[in-house]
There are 2 protein chains.
Amino acid sequence: MDDIPNIARVAALIGYPARATMLSALMDGRALTASELAALAGVTKQTASGHLAKLEEGGLIANVTQGRHKYFRLNGNDVATALEALMGVAATRSRTRTGPKDQTLRKARRCYDHLAGELGVFMHDRMLAKAWLTPKGEDIEFTVSGKSAMIAFGIDITSLATRRPTLVKPCLDWSMRRYHLCGSAAVGLLEQIIANGWASQQNDSRAITFTPKGEQCFREWLG
Amino acid sequence: MDDIPNIARVAALIGYPARATMLSALMDGRALTASELAALAGVTKQTASGHLAKLEEGGLIANVTQGRHKYFRLNGNDVATALEALMGVAATRSRTRTGPKDQTLRKARRCYDHLAGELGVFMHDRMLAKAWLTPKGEDIEFTVSGKSAMIAFGIDITSLATRRPTLVKPCLDWSMRRYHLCGSAAVGLLEQIIANGWASQQNDSRAITFTPKGEQCFREWLG
DNA sequence: TCCATAGTTCGGTGTGCAGCGTACCATTAT
DNA sequence: ATAATGGTACGCTGCACACCGAACTATGGA
(Lines give C-alpha, C1' and ligand atoms only; values in the text may rest on other atoms or scores of the structure.)
Protein backbone atom coordinates (compact mmCIF):
# COMPACT_ATOMS: atom_id res chain seq x y z
CA MET A 1 0.00 0.00 0.00
CA ASP A 2 2.98 2.24 -0.34
CA ASP A 3 1.57 3.71 -3.51
CA ILE A 4 -1.29 5.42 -1.69
CA PRO A 5 0.75 8.17 -0.02
CA ASN A 6 2.38 8.84 -3.36
CA ILE A 7 -0.84 9.53 -5.20
CA ALA A 8 -2.01 11.66 -2.29
CA ARG A 9 1.23 13.60 -2.45
CA VAL A 10 0.88 14.29 -6.14
CA ALA A 11 -2.78 15.21 -5.80
CA ALA A 12 -2.05 17.47 -2.84
CA LEU A 13 0.49 19.33 -4.93
CA ILE A 14 -2.18 19.98 -7.54
CA GLY A 15 -4.93 20.49 -5.01
CA TYR A 16 -4.25 24.04 -4.16
CA PRO A 17 -5.57 27.01 -6.16
CA ALA A 18 -2.24 28.77 -6.55
CA ARG A 19 -0.39 25.68 -7.69
CA ALA A 20 -3.26 24.44 -9.82
CA THR A 21 -3.33 27.79 -11.57
CA MET A 22 0.39 27.62 -12.24
CA LEU A 23 0.18 24.10 -13.60
CA SER A 24 -2.78 24.99 -15.77
CA ALA A 25 -0.84 27.93 -17.12
CA LEU A 26 2.02 25.62 -18.00
CA MET A 27 -0.38 23.37 -19.88
CA ASP A 28 0.07 25.62 -22.86
CA GLY A 29 3.46 24.00 -23.25
CA ARG A 30 5.45 27.18 -22.89
CA ALA A 31 8.01 27.69 -20.18
CA LEU A 32 7.16 30.60 -17.90
CA THR A 33 9.27 32.49 -15.39
CA ALA A 34 8.68 32.43 -11.66
CA SER A 35 7.45 36.00 -11.67
CA GLU A 36 5.00 35.38 -14.47
CA LEU A 37 3.61 32.39 -12.66
CA ALA A 38 3.36 34.37 -9.46
CA ALA A 39 1.34 37.07 -11.21
CA LEU A 40 -0.91 34.50 -12.86
CA ALA A 41 -1.58 32.75 -9.58
CA GLY A 42 -2.12 36.03 -7.78
CA VAL A 43 0.50 35.51 -5.09
CA THR A 44 3.74 37.23 -4.23
CA LYS A 45 7.05 36.13 -5.63
CA GLN A 46 8.14 34.57 -2.37
CA THR A 47 5.04 32.45 -2.12
CA ALA A 48 5.33 31.41 -5.74
CA SER A 49 8.96 30.52 -5.24
CA GLY A 50 7.97 28.17 -2.47
CA HIS A 51 5.24 26.56 -4.53
CA LEU A 52 7.50 26.10 -7.51
CA ALA A 53 10.15 24.48 -5.36
CA LYS A 54 7.58 22.04 -4.06
CA LEU A 55 6.25 21.24 -7.51
CA GLU A 56 9.75 20.66 -8.75
CA GLU A 57 10.66 18.47 -5.81
CA GLY A 58 7.53 16.48 -6.55
CA GLY A 59 8.71 16.01 -10.10
CA LEU A 60 5.74 17.76 -11.69
CA ILE A 61 7.72 20.59 -13.21
CA ALA A 62 11.29 21.23 -14.27
CA ASN A 63 13.20 24.43 -14.77
CA VAL A 64 15.79 25.91 -17.03
CA THR A 65 17.81 28.76 -15.61
CA GLN A 66 18.82 31.44 -18.06
CA GLY A 67 20.74 34.29 -16.55
CA ARG A 68 18.66 35.68 -13.77
CA HIS A 69 15.49 34.14 -15.19
CA LYS A 70 14.19 30.77 -14.23
CA TYR A 71 11.88 29.19 -16.75
CA PHE A 72 9.53 26.46 -15.57
CA ARG A 73 7.79 23.87 -17.71
CA LEU A 74 5.72 20.78 -17.10
CA ASN A 75 7.89 17.75 -16.51
CA GLY A 76 6.51 15.29 -19.00
CA ASN A 77 3.42 14.51 -20.93
CA ASP A 78 2.03 12.25 -18.23
CA VAL A 79 1.67 15.25 -15.96
CA ALA A 80 -0.33 17.00 -18.65
CA THR A 81 -2.42 13.88 -19.10
CA ALA A 82 -3.18 13.72 -15.39
CA LEU A 83 -4.12 17.39 -15.35
CA GLU A 84 -6.43 16.92 -18.32
CA ALA A 85 -8.03 13.94 -16.61
CA LEU A 86 -8.65 16.04 -13.51
CA MET A 87 -10.08 18.81 -15.67
CA GLY A 88 -12.42 16.30 -17.20
CA VAL A 89 -13.68 15.23 -13.80
CA ALA A 90 -13.93 18.79 -12.56
CA ALA A 91 -15.71 19.95 -15.69
CA THR A 92 -18.46 17.38 -15.53
CA ARG A 93 -18.90 17.83 -11.79
CA SER A 94 -19.10 21.60 -11.68
CA ARG A 95 -22.49 23.20 -12.00
CA THR A 96 -21.05 26.31 -13.65
CA ARG A 97 -22.23 26.37 -17.20
CA THR A 98 -19.73 26.61 -20.00
CA GLY A 99 -18.86 30.25 -20.52
CA PRO A 100 -17.58 31.92 -23.67
CA LYS A 101 -13.98 31.46 -22.56
CA ASP A 102 -14.71 27.79 -22.17
CA GLN A 103 -16.06 27.70 -25.69
CA THR A 104 -12.81 28.84 -27.25
CA LEU A 105 -10.91 26.29 -25.18
CA ARG A 106 -13.21 23.57 -26.38
CA LYS A 107 -12.68 24.58 -29.96
CA ALA A 108 -8.90 24.52 -29.91
CA ARG A 109 -6.23 24.67 -27.25
CA ARG A 110 -2.78 23.47 -26.46
CA CYS A 111 -2.45 20.27 -24.48
CA TYR A 112 1.10 20.64 -23.24
CA ASP A 113 2.73 20.90 -26.65
CA HIS A 114 0.18 19.72 -29.17
CA LEU A 115 -3.25 20.65 -30.48
CA ALA A 116 -6.33 19.58 -28.51
CA GLY A 117 -10.01 20.42 -28.57
CA GLU A 118 -12.55 20.12 -31.34
CA LEU A 119 -10.06 20.86 -34.09
CA GLY A 120 -7.46 18.56 -32.57
CA VAL A 121 -9.92 15.69 -32.60
CA PHE A 122 -10.94 16.66 -36.11
CA MET A 123 -7.33 16.48 -37.26
CA HIS A 124 -6.92 13.07 -35.67
CA ASP A 125 -10.07 11.72 -37.30
CA ARG A 126 -9.35 13.16 -40.72
CA MET A 127 -5.78 11.90 -40.80
CA LEU A 128 -7.06 8.42 -40.09
CA ALA A 129 -9.82 8.78 -42.68
CA LYS A 130 -7.36 10.00 -45.28
CA ALA A 131 -5.17 7.00 -44.46
CA TRP A 132 -2.28 9.22 -43.46
CA LEU A 133 -2.35 7.36 -40.20
CA THR A 134 -3.24 3.77 -39.54
CA PRO A 135 -3.94 1.93 -36.32
CA LYS A 136 -1.15 -0.32 -35.15
CA GLY A 137 -2.20 -2.42 -32.20
CA GLU A 138 -3.18 0.06 -29.56
CA ASP A 139 -1.13 2.83 -31.15
CA ILE A 140 -1.09 4.50 -34.52
CA GLU A 141 1.60 5.11 -37.09
CA PHE A 142 2.13 7.03 -40.29
CA THR A 143 1.49 5.42 -43.64
CA VAL A 144 3.72 6.12 -46.62
CA SER A 145 1.26 8.66 -47.98
CA GLY A 146 1.00 10.17 -44.49
CA LYS A 147 4.74 10.69 -44.34
CA SER A 148 4.68 12.38 -47.73
CA ALA A 149 1.87 14.61 -46.56
CA MET A 150 3.85 15.60 -43.48
CA ILE A 151 6.91 16.45 -45.53
CA ALA A 152 4.78 18.41 -47.99
CA PHE A 153 3.35 20.30 -45.03
CA GLY A 154 6.84 21.26 -43.94
CA ILE A 155 7.49 18.77 -41.17
CA ASP A 156 10.79 16.94 -41.28
CA ILE A 157 9.39 13.68 -40.06
CA THR A 158 12.56 11.65 -40.37
CA SER A 159 14.62 13.87 -38.12
CA LEU A 160 11.76 14.13 -35.65
CA ALA A 161 11.63 10.37 -35.34
CA THR A 162 15.15 10.30 -34.03
CA ARG A 163 14.72 13.14 -31.55
CA ARG A 164 11.88 11.94 -29.39
CA PRO A 165 10.67 8.46 -28.53
CA THR A 166 7.14 8.67 -29.88
CA LEU A 167 6.41 10.20 -33.23
CA VAL A 168 2.65 10.09 -32.98
CA LYS A 169 0.24 8.67 -30.43
CA PRO A 170 -3.40 9.12 -29.48
CA CYS A 171 -4.15 11.28 -26.47
CA LEU A 172 -7.53 11.52 -24.75
CA ASP A 173 -9.28 14.86 -24.96
CA TRP A 174 -11.20 15.90 -21.87
CA SER A 175 -13.67 18.22 -23.52
CA MET A 176 -14.43 15.94 -26.45
CA ARG A 177 -13.95 12.59 -24.69
CA ARG A 178 -12.26 11.45 -27.85
CA TYR A 179 -8.73 11.21 -29.12
CA HIS A 180 -6.43 13.78 -30.59
CA LEU A 181 -2.77 13.43 -31.56
CA CYS A 182 0.31 13.87 -29.43
CA GLY A 183 3.93 13.01 -30.03
CA SER A 184 6.69 14.87 -31.78
CA ALA A 185 4.87 14.96 -35.11
CA ALA A 186 1.87 16.52 -33.39
CA VAL A 187 4.17 19.14 -31.92
CA GLY A 188 5.45 19.87 -35.39
CA LEU A 189 1.94 20.07 -36.77
CA LEU A 190 0.91 22.70 -34.27
CA GLU A 191 4.07 24.68 -34.86
CA GLN A 192 3.45 24.62 -38.59
CA ILE A 193 -0.19 25.61 -38.20
CA ILE A 194 0.93 28.68 -36.28
CA ALA A 195 3.81 29.33 -38.67
CA ASN A 196 1.32 29.28 -41.52
CA GLY A 197 -0.59 32.04 -39.82
CA TRP A 198 -3.66 29.84 -39.61
CA ALA A 199 -3.85 30.28 -35.87
CA SER A 200 -2.20 32.09 -33.01
CA GLN A 201 -2.01 31.87 -29.27
CA GLN A 202 -2.88 34.61 -26.82
CA ASN A 203 -0.31 35.38 -24.23
CA ASP A 204 -2.41 34.50 -21.24
CA SER A 205 -4.30 31.43 -22.33
CA ARG A 206 -3.98 27.91 -23.66
CA ALA A 207 -6.55 28.77 -26.26
CA ILE A 208 -5.47 28.52 -29.88
CA THR A 209 -7.50 30.93 -31.97
CA PHE A 210 -7.83 30.14 -35.62
CA THR A 211 -8.47 32.96 -38.03
CA PRO A 212 -11.56 32.36 -40.17
CA LYS A 213 -9.38 31.96 -43.23
CA GLY A 214 -6.92 29.83 -41.27
CA GLU A 215 -9.59 27.43 -40.15
CA GLN A 216 -10.85 27.20 -43.71
CA CYS A 217 -7.37 26.35 -44.99
CA PHE A 218 -6.92 23.86 -42.16
CA ARG A 219 -10.17 22.09 -42.98
CA GLU A 220 -9.43 22.12 -46.71
CA TRP A 221 -5.99 20.67 -46.10
CA LEU A 222 -7.64 17.78 -44.27
CA GLY A 223 -10.71 17.68 -46.51
CA MET B 1 -10.23 31.02 -15.41
CA ASP B 2 -13.09 29.67 -13.36
CA ASP B 3 -11.97 26.16 -14.13
CA ILE B 4 -8.83 26.42 -12.06
CA PRO B 5 -10.48 26.35 -8.65
CA ASN B 6 -12.45 23.32 -9.79
CA ILE B 7 -9.45 21.23 -10.65
CA ALA B 8 -7.81 22.29 -7.42
CA ARG B 9 -10.91 21.27 -5.55
CA VAL B 10 -10.96 17.82 -7.10
CA ALA B 11 -7.25 17.34 -6.58
CA ALA B 12 -7.49 18.51 -2.99
CA LEU B 13 -10.15 15.89 -2.34
CA ILE B 14 -7.76 13.22 -3.58
CA GLY B 15 -4.72 14.85 -2.06
CA TYR B 16 -5.07 13.52 1.40
CA PRO B 17 -3.82 10.11 2.54
CA ALA B 18 -7.06 8.97 4.14
CA ARG B 19 -9.22 9.94 1.20
CA ALA B 20 -6.69 8.74 -1.37
CA THR B 21 -6.62 5.37 0.35
CA MET B 22 -10.39 5.16 0.27
CA LEU B 23 -10.54 6.06 -3.39
CA SER B 24 -7.82 3.60 -4.24
CA ALA B 25 -9.71 0.92 -2.39
CA LEU B 26 -12.79 1.71 -4.44
CA MET B 27 -10.76 1.34 -7.63
CA ASP B 28 -11.41 -2.37 -7.45
CA GLY B 29 -14.93 -1.57 -8.55
CA ARG B 30 -16.66 -2.97 -5.53
CA ALA B 31 -18.86 -0.91 -3.31
CA LEU B 32 -17.61 -0.76 0.26
CA THR B 33 -19.32 0.34 3.44
CA ALA B 34 -18.29 3.37 5.44
CA SER B 35 -16.86 1.24 8.23
CA GLU B 36 -14.79 -0.84 5.87
CA LEU B 37 -13.37 2.27 4.28
CA ALA B 38 -12.66 3.73 7.70
CA ALA B 39 -10.71 0.64 8.68
CA LEU B 40 -8.78 0.61 5.41
CA ALA B 41 -7.86 4.26 5.76
CA GLY B 42 -6.93 3.81 9.40
CA VAL B 43 -9.25 6.46 10.79
CA THR B 44 -12.26 6.38 13.03
CA LYS B 45 -15.77 6.11 11.72
CA GLN B 46 -16.55 9.73 12.44
CA THR B 47 -13.56 10.92 10.46
CA ALA B 48 -14.35 8.60 7.61
CA SER B 49 -17.93 9.76 7.59
CA GLY B 50 -16.74 13.31 7.10
CA HIS B 51 -14.37 12.36 4.32
CA LEU B 52 -16.98 10.34 2.51
CA ALA B 53 -19.47 13.18 2.71
CA LYS B 54 -16.90 15.48 1.15
CA LEU B 55 -16.04 13.04 -1.59
CA GLU B 56 -19.69 12.57 -2.37
CA GLU B 57 -20.38 16.27 -2.39
CA GLY B 58 -17.48 16.65 -4.79
CA GLY B 59 -19.08 14.06 -7.06
CA LEU B 60 -16.22 11.59 -6.86
CA ILE B 61 -18.20 8.84 -5.19
CA ALA B 62 -21.82 7.86 -4.86
CA ASN B 63 -23.59 5.71 -2.32
CA VAL B 64 -26.33 3.17 -2.15
CA THR B 65 -28.00 2.81 1.21
CA GLN B 66 -29.16 -0.64 2.06
CA GLY B 67 -30.75 -0.95 5.44
CA ARG B 68 -28.31 0.37 7.95
CA HIS B 69 -25.39 -0.07 5.59
CA LYS B 70 -24.15 2.57 3.25
CA TYR B 71 -22.23 1.29 0.29
CA PHE B 72 -19.92 3.67 -1.53
CA ARG B 73 -18.59 3.32 -5.04
CA LEU B 74 -16.64 5.48 -7.46
CA ASN B 75 -18.90 7.81 -9.35
CA GLY B 76 -17.99 7.11 -12.93
CA ASN B 77 -15.19 5.81 -15.04
CA ASP B 78 -13.64 9.22 -15.49
CA VAL B 79 -12.82 9.33 -11.80
CA ALA B 80 -11.06 5.99 -12.13
CA THR B 81 -9.22 7.31 -15.17
CA ALA B 82 -8.04 10.37 -13.30
CA LEU B 83 -6.89 8.24 -10.38
CA GLU B 84 -4.98 5.97 -12.72
CA ALA B 85 -3.36 8.96 -14.36
CA LEU B 86 -2.26 10.24 -10.97
CA MET B 87 -0.93 6.80 -10.09
CA GLY B 88 1.07 6.85 -13.29
CA VAL B 89 2.64 10.16 -12.39
CA ALA B 90 3.25 9.10 -8.81
CA ALA B 91 4.72 5.77 -9.83
CA THR B 92 7.33 7.21 -12.16
CA ARG B 93 8.22 9.98 -9.72
CA SER B 94 8.64 7.87 -6.62
CA ARG B 95 12.03 6.48 -5.83
CA THR B 96 10.59 3.36 -4.19
CA ARG B 97 11.37 0.41 -6.36
CA THR B 98 8.62 -1.88 -7.49
CA GLY B 99 8.01 -4.36 -4.72
CA PRO B 100 6.43 -7.80 -4.94
CA LYS B 101 2.99 -6.39 -4.23
CA ASP B 102 3.53 -4.03 -7.09
CA GLN B 103 4.40 -6.94 -9.32
CA THR B 104 1.08 -8.66 -8.85
CA LEU B 105 -0.72 -5.40 -9.50
CA ARG B 106 1.22 -4.94 -12.70
CA LYS B 107 0.31 -8.43 -13.84
CA ALA B 108 -3.45 -8.10 -13.40
CA ARG B 109 -5.74 -5.85 -11.43
CA ARG B 110 -9.13 -4.28 -11.54
CA CYS B 111 -9.40 -0.80 -12.99
CA TYR B 112 -12.73 0.26 -11.55
CA ASP B 113 -14.77 -2.59 -13.02
CA HIS B 114 -12.64 -4.12 -15.74
CA LEU B 115 -9.36 -5.95 -16.17
CA ALA B 116 -6.14 -3.95 -16.30
CA GLY B 117 -2.44 -4.71 -16.10
CA GLU B 118 -0.30 -6.94 -18.25
CA LEU B 119 -3.04 -9.45 -18.90
CA GLY B 120 -5.59 -6.72 -19.57
CA VAL B 121 -3.34 -5.22 -22.23
CA PHE B 122 -2.70 -8.72 -23.56
CA MET B 123 -6.43 -9.31 -23.93
CA HIS B 124 -6.85 -6.01 -25.74
CA ASP B 125 -4.04 -6.77 -28.15
CA ARG B 126 -5.08 -10.34 -28.85
CA MET B 127 -8.71 -9.43 -29.46
CA LEU B 128 -7.57 -6.93 -32.04
CA ALA B 129 -5.14 -9.42 -33.56
CA LYS B 130 -7.83 -12.08 -33.76
CA ALA B 131 -10.08 -9.53 -35.44
CA TRP B 132 -12.68 -9.83 -32.73
CA LEU B 133 -12.32 -6.09 -32.39
CA THR B 134 -11.61 -3.55 -35.04
CA PRO B 135 -10.61 0.10 -34.77
CA LYS B 136 -13.39 2.53 -35.59
CA GLY B 137 -12.15 6.05 -35.77
CA GLU B 138 -10.70 6.75 -32.36
CA ASP B 139 -12.72 3.96 -30.77
CA ILE B 140 -13.05 0.24 -31.33
CA GLU B 141 -15.99 -2.02 -31.95
CA PHE B 142 -16.81 -5.69 -32.15
CA THR B 143 -16.69 -7.51 -35.43
CA VAL B 144 -19.23 -10.20 -36.27
CA SER B 145 -16.80 -12.92 -35.29
CA GLY B 146 -16.01 -10.99 -32.12
CA LYS B 147 -19.65 -10.93 -31.14
CA SER B 148 -19.91 -14.66 -31.70
CA ALA B 149 -16.82 -15.19 -29.57
CA MET B 150 -18.35 -13.13 -26.78
CA ILE B 151 -21.59 -15.10 -26.86
CA ALA B 152 -19.64 -18.35 -26.92
CA PHE B 153 -17.73 -17.13 -23.89
CA GLY B 154 -20.99 -16.59 -22.05
CA ILE B 155 -21.45 -12.87 -22.43
CA ASP B 156 -24.86 -11.69 -23.57
CA ILE B 157 -23.52 -8.90 -25.69
CA THR B 158 -26.84 -7.77 -27.12
CA SER B 159 -28.45 -7.11 -23.76
CA LEU B 160 -25.27 -5.42 -22.51
CA ALA B 161 -25.36 -3.02 -25.42
CA THR B 162 -28.71 -1.69 -24.25
CA ARG B 163 -27.73 -1.37 -20.59
CA ARG B 164 -24.72 0.91 -20.70
CA PRO B 165 -23.70 3.56 -23.21
CA THR B 166 -20.36 2.13 -24.28
CA LEU B 167 -19.96 -1.54 -25.04
CA VAL B 168 -16.21 -1.49 -25.46
CA LYS B 169 -13.60 1.23 -25.45
CA PRO B 170 -9.83 1.54 -25.02
CA CYS B 171 -8.58 2.67 -21.61
CA LEU B 172 -5.02 3.70 -20.86
CA ASP B 173 -3.09 1.49 -18.47
CA TRP B 174 -0.75 3.30 -16.11
CA SER B 175 1.65 0.46 -15.48
CA MET B 176 1.89 -0.65 -19.08
CA ARG B 177 1.39 2.74 -20.73
CA ARG B 178 -0.73 0.96 -23.26
CA TYR B 179 -4.40 0.29 -23.75
CA HIS B 180 -6.68 -2.26 -22.20
CA LEU B 181 -10.43 -2.61 -22.61
CA CYS B 182 -13.19 -0.95 -20.65
CA GLY B 183 -16.91 -0.70 -21.23
CA SER B 184 -19.75 -3.03 -20.37
CA ALA B 185 -18.35 -5.90 -22.41
CA ALA B 186 -15.05 -5.60 -20.54
CA VAL B 187 -16.98 -5.77 -17.28
CA GLY B 188 -18.65 -8.93 -18.48
CA LEU B 189 -15.32 -10.39 -19.55
CA LEU B 190 -13.82 -9.95 -16.11
CA GLU B 191 -16.90 -11.39 -14.44
CA GLN B 192 -16.75 -14.41 -16.68
CA ILE B 193 -13.04 -14.89 -16.10
CA ILE B 194 -13.70 -15.03 -12.38
CA ALA B 195 -16.80 -17.17 -12.84
CA ASN B 196 -14.68 -19.64 -14.83
CA GLY B 197 -12.39 -19.95 -11.86
CA TRP B 198 -9.45 -18.70 -13.90
CA ALA B 199 -8.78 -15.93 -11.44
CA SER B 200 -9.94 -14.56 -8.14
CA GLN B 201 -9.72 -11.35 -6.18
CA GLN B 202 -8.41 -10.98 -2.65
CA ASN B 203 -10.60 -9.11 -0.28
CA ASP B 204 -8.20 -6.31 0.44
CA SER B 205 -6.60 -5.59 -2.89
CA ARG B 206 -7.31 -4.64 -6.46
CA ALA B 207 -5.03 -7.42 -7.57
CA ILE B 208 -6.55 -10.16 -9.69
CA THR B 209 -4.64 -13.39 -9.16
CA PHE B 210 -4.84 -15.92 -11.93
CA THR B 211 -4.31 -19.56 -11.09
CA PRO B 212 -1.55 -21.12 -13.20
CA LYS B 213 -4.12 -23.23 -15.01
CA GLY B 214 -6.45 -20.27 -15.29
CA GLU B 215 -3.83 -18.14 -16.95
CA GLN B 216 -3.04 -20.96 -19.32
CA CYS B 217 -6.71 -21.28 -20.30
CA PHE B 218 -6.96 -17.53 -20.66
CA ARG B 219 -3.99 -17.37 -22.99
CA GLU B 220 -5.17 -20.36 -24.97
CA TRP B 221 -8.59 -18.82 -25.38
CA LEU B 222 -6.93 -15.77 -26.88
CA GLY B 223 -4.21 -17.79 -28.64
C1' DT C 1 -38.57 -4.78 24.61
C1' DC C 2 -33.70 -4.51 24.84
C1' DC C 3 -29.39 -4.64 22.80
C1' DA C 4 -25.92 -4.47 19.12
C1' DT C 5 -24.32 -2.34 15.18
C1' DA C 6 -23.93 1.29 11.31
C1' DG C 7 -23.52 5.80 10.66
C1' DT C 8 -23.85 10.99 11.78
C1' DT C 9 -23.39 15.40 14.42
C1' DC C 10 -21.02 18.48 17.34
C1' DG C 11 -17.46 20.63 19.94
C1' DG C 12 -12.62 20.97 20.89
C1' DT C 13 -7.61 20.33 19.93
C1' DG C 14 -3.65 20.35 17.33
C1' DT C 15 -1.02 21.07 13.33
C1' DG C 16 0.32 21.73 8.72
C1' DC C 17 0.96 25.14 5.61
C1' DA C 18 -0.25 29.20 2.69
C1' DG C 19 0.75 33.81 2.54
C1' DC C 20 3.34 37.96 3.50
C1' DG C 21 7.15 41.33 5.15
C1' DT C 22 11.72 41.82 5.49
C1' DA C 23 16.10 40.93 4.34
C1' DC C 24 19.25 38.87 1.36
C1' DC C 25 21.95 37.00 -3.05
C1' DA C 26 22.61 37.01 -8.22
C1' DT C 27 22.42 38.91 -12.64
C1' DT C 28 21.99 42.67 -15.90
C1' DA C 29 21.72 47.60 -16.99
C1' DT C 30 23.45 52.56 -16.51
C1' DA D 1 30.70 52.08 -9.00
C1' DT D 2 25.23 52.26 -8.37
C1' DA D 3 20.76 50.96 -9.43
C1' DA D 4 17.18 47.85 -10.98
C1' DT D 5 15.30 43.47 -11.45
C1' DG D 6 14.63 38.20 -10.81
C1' DG D 7 14.64 35.04 -7.41
C1' DT D 8 15.43 32.95 -2.57
C1' DA D 9 15.66 32.35 2.79
C1' DC D 10 13.60 33.12 7.16
C1' DG D 11 10.42 34.13 10.66
C1' DC D 12 5.86 35.11 11.75
C1' DT D 13 0.65 35.03 11.68
C1' DG D 14 -3.61 33.09 10.73
C1' DC D 15 -6.65 29.89 8.98
C1' DA D 16 -8.35 25.63 7.28
C1' DC D 17 -9.10 21.19 8.39
C1' DA D 18 -7.96 16.39 9.92
C1' DC D 19 -8.77 13.84 13.86
C1' DC D 20 -10.94 12.27 17.97
C1' DG D 21 -14.34 11.70 22.07
C1' DA D 22 -18.86 11.79 23.29
C1' DA D 23 -23.46 11.86 22.39
C1' DC D 24 -27.09 10.94 19.13
C1' DT D 25 -30.26 8.57 15.44
C1' DA D 26 -31.56 4.58 12.70
C1' DT D 27 -31.80 -0.13 11.41
C1' DG D 28 -31.91 -5.05 12.53
C1' DG D 29 -31.83 -8.98 15.49
C1' DA D 30 -32.91 -11.70 19.99
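Before going into details, it helps to say that this report is about the structure given with it.

Here's the deal with the environment of K45 of chain B
Residues and elements named next belong to chain B.
Link 1 in the chain: In this fold, K45 is placed in helix 4 (residues 45-57).
Link 2 in the chain: Taking relative accessible area as the criterion, K45 reaches 60% and is therefore assigned exposed.
Link 3 in the chain: Separated by ten residues in sequence, K45 and S35 place their C-alpha atoms 6.1 Å apart.
Link 4 in the chain: Not counting residues up to four positions away in its chain, the partners in contact with K45 are S35 and A38.

Quick notes on the nonpolar core
One broad rule of soluble globular proteins: the nonpolar side chains tend to lie buried together.
Link 1 in the chain: Formed by 63 residues in total, the largest nonpolar core has its most connected members in I14 and L74 of chain A together with I14 of chain B.
Link 2 in the chain: When near neighbours in sequence (up to four residues on either side) are disregarded, L74 of chain A contacts L23, L26, M27, L60, I61, V79, A80, L83 and Y112 of chain A.
Link 3 in the chain: Ranked by size, the runner-up nonpolar core spans 31 residues in total, among them A185, L190, F210 and F218 of chain B.

Brief notes about the protein's contact with DNA strand C
Link 1 in the chain: In the vicinity of DNA strand C lie 20 residues, with Q46, H51 and K54 of chain A together with S35 and S49 of chain B positioned nearest.
Link 2 in the chain: A share of 68% is what sugar and phosphate atoms reach among the atoms of DNA strand C within 4 Å of the protein.
Link 3 in the chain: S49 of chain B is positioned with one of its side-chain polar atoms (N or O) 2.5 Å from a phosphate oxygen of DNA strand C.
Link 4 in the chain: For the surface near DNA strand C, the secondary-structure elements that each account for two or more residues are helix 2 (17-26) and helix 4 (45-57) of chain A together with helix 3 (34-41), helix 4 and strand 3 (69-74) of chain B.
Link 5 in the chain: Per element, the largest residue contribution to the surface near DNA strand C is four residues, and it comes from helix 4 of chain A.

Some thoughts on helix 4 of chain B
Residues and elements named next belong to chain B.
Link 1 in the chain: In a regular helix each residue adds 1.5 Å, so 13 residues correspond to 18 Å; helix 4 covers 18 Å between its end C-alpha atoms and thus fits that length.
Link 2 in the chain: Buried residues of helix 4: A48, H51, L52 and L55, and no others. Along the long axis of helix 4, the arc covered by the buried residues comes to 100°, so they all point the same way. Opposite the buried face of helix 4, at more than 90 degrees from it, the exposed residues are Q46 and E57.
Link 3 in the chain: G59 sits one or two residues past helix 4 and shows a positive phi near 85°.

Some remarks on the pattern of salt bridges
Residue and element names in this part refer to chain A.
Link 1 in the chain: For the structure on display, the rule yields six salt bridges over all chains.
Link 2 in the chain: A salt bridge links R109 to E84; the nearest nitrogen and oxygen atoms lie 3.3 Å apart. On the criterion of sequence distance, the pair formed by R109 in strand 4 (residues 109-111) and E84 in helix 5 (residues 77-93) is long-range, its members being 25 residues apart. Per residue, the accessibility class of R109 equals that of E84, and both read buried.

Some thoughts on the environment of R219 of chain A
Residues and elements named next belong to chain A.
Link 1 in the chain: Structurally, the position occupied by R219 is in helix 11 (residues 212-221).
Link 2 in the chain: Linking R219 and M123, residues 96 residues apart in sequence, is a C-alpha distance of 8.5 Å.
Link 3 in the chain: In contact with R219, not counting residues within four places along its chain, are E118, L119 and F122.

Description of the sheet that holds strand 3 of chain B
All names here are of chain B.
Link 1 in the chain: In spatial order, the strands read 1-3-2; together these three strands make up an open sheet with antiparallel pairing. The outermost strands of the open sheet, each flanked by one partner alone, are strand 1 (32-33) and strand 2 (61-66).
Link 2 in the chain: Contacting strand 2 and strand 3, helix 4 runs over the sheet at an angle of about 120° to strand 2.

Section: the protein's contact with DNA strand D
Link 1 in the chain: The environment of DNA strand D is made up of 20 residues, and the closest members are S35, S49 and K70 of chain A together with Q46 and H51 of chain B.
Link 2 in the chain: Protein-proximal atoms of DNA strand D, defined as those within 4 Å of the protein, fall in sugar or phosphate at a share of 72%.
Link 3 in the chain: Per-element tally for the surface near DNA strand D: the top contributor is helix 4 of chain B, with four residues.

A look at unusual backbone geometry
Residue and element names in this part refer to chain A.
Link 1 in the chain: In this model, A131 sits at a positive phi of 60°, which is unusual for a non-glycine residue.
Link 2 in the chain: Along the chain, the position of A131 falls in the loop between helix 7 (118-129) and strand 6 (133-136).
Link 3 in the chain: Assessed through its relative accessible area of 40%, A131 is described here as partly exposed.

Cut-offs used in this document
Residues numbered from 1 in each chain as written. Chains lettered and ligands numbered in written order. Predicted model: local features only at pLDDT ≥ 70, side-chain atom pairs only at ≥ 80, totals over all residues. Heavy atoms only, no water. Helix = DSSP H or I, 4+ residues; strand = E, 2+ residues; numbered from the N terminus. Buried < 20%, exposed > 50% of the residue type's maximum accessible area, 1.4 Å probe, protein only. Contact = heavy atoms within 4.5 Å. Core = buried A, V, L, I, M, F, W, Y, C linked by side-chain atoms within 4.5 Å. Near = heavy atom within 4 Å. Polar contact = N/O pair within 3.5 Å; in protein donor to acceptor, adjacent residues only side chain to side chain. Expected span 1.5 Å × (residues − 1). Arc of directions from axis to C-beta. Salt bridge = Lys/Arg side-chain N within 4 Å of Asp/Glu carboxyl O. Pairing = 2+ DSSP bridges. Axes fitted to C-alpha atoms, helices over the stretch in contact; angles between N-to-C directions.

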